[in-house]
Amino acid sequence: MSLAIISPGKNPEVWIKEFKALAPELHIEVYPEITSPEKVEYVFLWQHPEGILSDFPNLKLISSMGAGVDHILRDKSIPENIPIVRIVDEKLTFSMTNYVVMAVLNYHRRSPRFQMNQTRKVWDMSYPELDVTVGVMGVGALGKDVMDKLNYMGFSVVGFGFSEKSDFEYSYYTKDKLEEFLKEVNVLVCLLPLTPDTENILNTSLFEKCNPNTYLINVARGRHLVEDDLIKALEVGQLSGAMLDVYREEPLPESHPFWENWKITMTPHIASVTNPQAAAPQVIENIKRIRENRELVNLVNRSKGY
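Every chain is numbered on its own, with residues counted from 1 as its sequence reads. Local features are withheld for residues below a pLDDT of 70 in this predicted model, meaning they are given only at 70 or higher, and side-chain atom pairs are given and counted only at 80 or more; totals for whole chains, interfaces and linings count all residues. Calculated side-chain values reflect all of the structure's heavy atoms, with hydrogen atoms and water omitted.

Novice: Mind showing me how you'd approach the overall build of the protein here?
Specialist: On a plain count of helices and strands, the protein comes out with nine helices and twelve strands. Radius of gyration: over C-alpha atoms. The globule rule applied is 2.2 Å multiplied by the number of residues raised to the 0.38 power. At 21 Å, the protein has a C-alpha radius of gyration in line with the 19 Å of a compact globule built from 306 residues. Principal-axis analysis of the C-alpha atoms gives the protein an extent of 65 × 45 × 30 Å. Counting every position in the protein, which comprises 306 residues, the buried fraction comes to 50%. We call two residues in contact whenever any of their non-hydrogen atoms come within 4.5 Å of each other. Within the protein, counting contacts between residues at least 6 apart in sequence, those at least 24 apart form 60% of the total. For the protein, the exposed area adds up to about 15,900 Å²; of that, 49% sits on carbon and sulfur atoms. Under the scheme used here, helices are H or I runs from DSSP no shorter than 4 residues and strands are E runs no shorter than 2 residues, and both carry numbers assigned from the N terminus. Type-normalised accessible area, obtained with a 1.4 Å probe on protein chains alone, sets the label of each residue: buried when under 20%, exposed when over 50%, and partly exposed for intermediate values. To be clear on the numbers: accessible area is Shrake-Rupley with a 1.4 Å probe, and residue cover counts the displayed protein chains and nothing else.

Here it is in structure tokens:
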């Protein structure tokens, strides 16, 4: 019985330390130096090479290293009978909400404008704030917390999602009312899970339905955004700017046009990072549950994609 950690480019040492502290008997192997694939029953992974899980004939559980599972679900070689679980961590929510609040405040208080004025030595006190109504696409644990915090700060918030929600405390629109949702807001936050329904959703067709000069914040997945369409929307003024933490290719190539576009603020996928001390117990708990044939924690619904 062993756990394989598969996370190319990430240092696994902190994870090994946490797993060993919780389950000293657990044998751990790290990709690509897995010597006994037939003994691997559990995998803990992020951005694994597609198809590699077929190397483990006795695999019983797949655990994502974070809240997202699109990197797992796009591997169509994974048998349907192997359960997939994800990490749900209050620290992830705390960090993500703080990032989005920061982005909203930067737009609301016109930070880019004043930073540019500083470089030009311009003293302009006019219109220091913008009226803001924030639309959150994806109102799960992360999106709902974002709405709660922004609402507490006095901002108007509106939600959007692909499933019906009863008794939701904020204005909420489903996919058949996307255009109505977009007309309500001038700051658009993408926190959707990446599924076939949501991939490329941030495109020209959507931007054309937005209020002119809408501001975009994408902290979900790079493949939600059609990057060329964003550049065009910024050029014609359909969008006034964007703050991005995720990209279709990471690290972002030096030749990418985003680097030199002054209307785009970028961070390198750091909005919310999994905390090993909080996540490791969830992984070990699910290993115990799979052994005891009990219901798993944070089980992924493959048909929904999250």
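Novice: What am I meant to see in the sheet that holds strand 6 (residues 133-137) here?
Specialist: Sheets are built from strands that pair by backbone hydrogen bonding, the pairs being arranged parallel or antiparallel. Strand order in the open sheet formed by seven strands is 8-7-6-9-10-11-12, with parallel pairing between adjacent strands. Each edge of the open sheet is held by one strand with a lone partner, namely strand 8 (171-174) and strand 12 (264-266). Shown here is a sheet whose adjacent strand axes are inclined to one another by a mean of 15°, direction ignored. When DSSP locates at least two bridges between a pair of strands, those strands are taken to pair. Pairing analysis gives four bridges linking strand 9 (residues 187-190) to strand 10 (residues 214-218), with the strands arranged parallel. Counterpart to Val187 in the pairing with strand 10 is Tyr215. Strands strand 10, strand 11 (239-244) and strand 12 of the sheet are contacted by helix 8 (residues 227-236), whose axis makes an angle of about 140° with strand 11. Only the contacting stretch of a helix is used when fitting its axis, a line to C-alpha atoms as for every element, and angles between N-to-C directions run 0 to 180 degrees.

Novice: Would you take a moment to explain the sheet that holds strand 2 (residues 27-30) for this structure?
Specialist: An order of 2-1-3-4-5 is seen for the five strands of this open sheet, with the pairing classed as parallel. Each edge of the open sheet is held by one strand with a lone partner, namely strand 2 and strand 5 (84-85). Running at roughly 170° to strand 2, helix 1 (residues 13-22) makes contact with strand 1 (2-6), strand 2 and strand 3 (40-45) of the sheet. Taken strand by strand, helix 9 (residues 276-291) contacts strand 3, strand 4 (61-64) and strand 5, and its axis lies near 150° from that of strand 3.

Novice: Explain the packing of aromatic side chains to me, please; I cannot follow it from the model alone.
Specialist: The geometry of an aromatic ring pair is captured by the separation of the ring centres together with the interplanar angle, meaning the angle of the planes. Ring geometry is summarised as follows: Phe, Tyr and Trp rings, the Trp one being its six-membered ring, pair when their centres sit within 6.5 Å, and such pairs are stacked at plane angles under 30 degrees, edge-to-face over 60 and tilted between the two. Following the criterion strictly, the structure yields nine aromatic pairs and no others. Both rings, one in Tyr173 and one in Phe181, keep their centres 6.3 Å apart while their planes meet at 55°; by these two values the pair is tilted. Clustering of aromatic rings is evident, with ring pairs tying together Phe160, Phe162, Tyr173 and Phe181.

Novice: Quick question: what am I supposed to make of helix 9 here?
Specialist: The periodicity of an α-helix, 3.6 residues per turn, causes residues three or four positions apart to be oriented the same way. Given a rise of 1.5 Å per residue, 16 residues ought to cover 22 Å, and the 22 Å separating the end C-alpha atoms of helix 9 matches this to within 8%. Taken as a whole, helix 9 has its buried residues at Pro276, Ala279, Ala280, Gln282, Val283, Ile284, Asn286 and Ile287. Where the residues of helix 9 are buried, they touch helix 1, strand 3, strand 4 and strand 5. Looking one or two residues beyond helix 9, the residue adopting positive phi is Asn293, at roughly 60°. Take the number of residues in a helix, subtract one, and multiply by 1.5 Å to get its expected span.

Novice: I'm lost on the side chain of Asp229 in this one. Help?
Specialist: Positionally, Asp229 belongs in helix 8. One buried charged residue, Asp229, remains without a salt bridge, the closest side chain of opposite sign being Lys232 at 4.5 Å. Charge counting follows a simple rule: Lys and Arg are positive, Asp and Glu are negative, and His as well as the terminal groups are ignored. The salt bridge definition used is simple: a Lys or Arg side-chain nitrogen within 4 Å of an Asp or Glu carboxyl oxygen.

Novice: What am I meant to see in the pairing of strand 3 here?
Specialist: On a regular strand, one side chain projects to one face of the sheet and the next to the other, so that they alternate. Most of strand 3 sits out of view: six of its six residues are buried. Relative to strand 3, strand 1 is paired through five bridges, and the arrangement is parallel. Its bridge partner being in strand 3, Ser2 is matched across the sheet by Val40.

Novice: Explanation requested: helix 3 (residues 90-108) in the structure shown.
Specialist: Along its 19 residues, helix 3 runs 26 Å from first to last C-alpha, staying within 8% of the 27 Å computed at 1.5 Å per residue. The secondary structure elements touched by the buried residues of helix 3 are strand 6, helix 5 (141-152), strand 9, strand 10 and strand 11. Residue Arg110 follows helix 3 closely and has a positive phi angle near 60°.

Novice: Please clarify how the nonpolar core should be interpreted in this entry.
Specialist: Soluble globular proteins: nonpolar side chains tend toward being buried together. To form a nonpolar core, buried Ala, Val, Leu, Ile, Met, Phe, Trp, Tyr and Cys residues must be joined to one another through side-chain atoms within 4.5 Å. Judged by nonpolar contacts, the single largest core of 30 residues is most densely connected at Met137, Phe181, Leu188, Leu202, Leu206 and Leu230. Taken together, the elements giving at least two residues each to this core come down to strand 7 (156-161), helix 6 (178-184), strand 9, helix 7 (204-209), helix 8 and strand 11. In this structure Leu230 touches Phe207, Leu216, Leu225, Leu239, Ala242, Leu244, Phe258 and Ile264, once residues within four positions along its chain are discounted. Counting residues in each nonpolar core, the second largest holds 27 residues, with Met96, Val104, Val187 and Leu191 among its members.

Novice: Could you clarify how one ought to interpret the pairing of strand 6 in this entry?
Specialist: For strand 6, the tally of buried residues reaches four of five residues, placing the bulk of the element in the interior. Bridge count between strand 6 and strand 7: five bridges; the pairing is parallel. Bridging across to strand 7, Met137 finds its partner in Phe160. Handedness of the crossover joining strand 6 and strand 7 through helix 5: right-handed. Judged from the four bridges that link them, strand 6 and strand 9 form a sheet pairing that is parallel. Paired with Val136 across the bridge in strand 9 is Val189. Throughout, right-handed denotes a crossover for which the path from the first strand over the helix to the second runs clockwise when the strands point away from the viewer.

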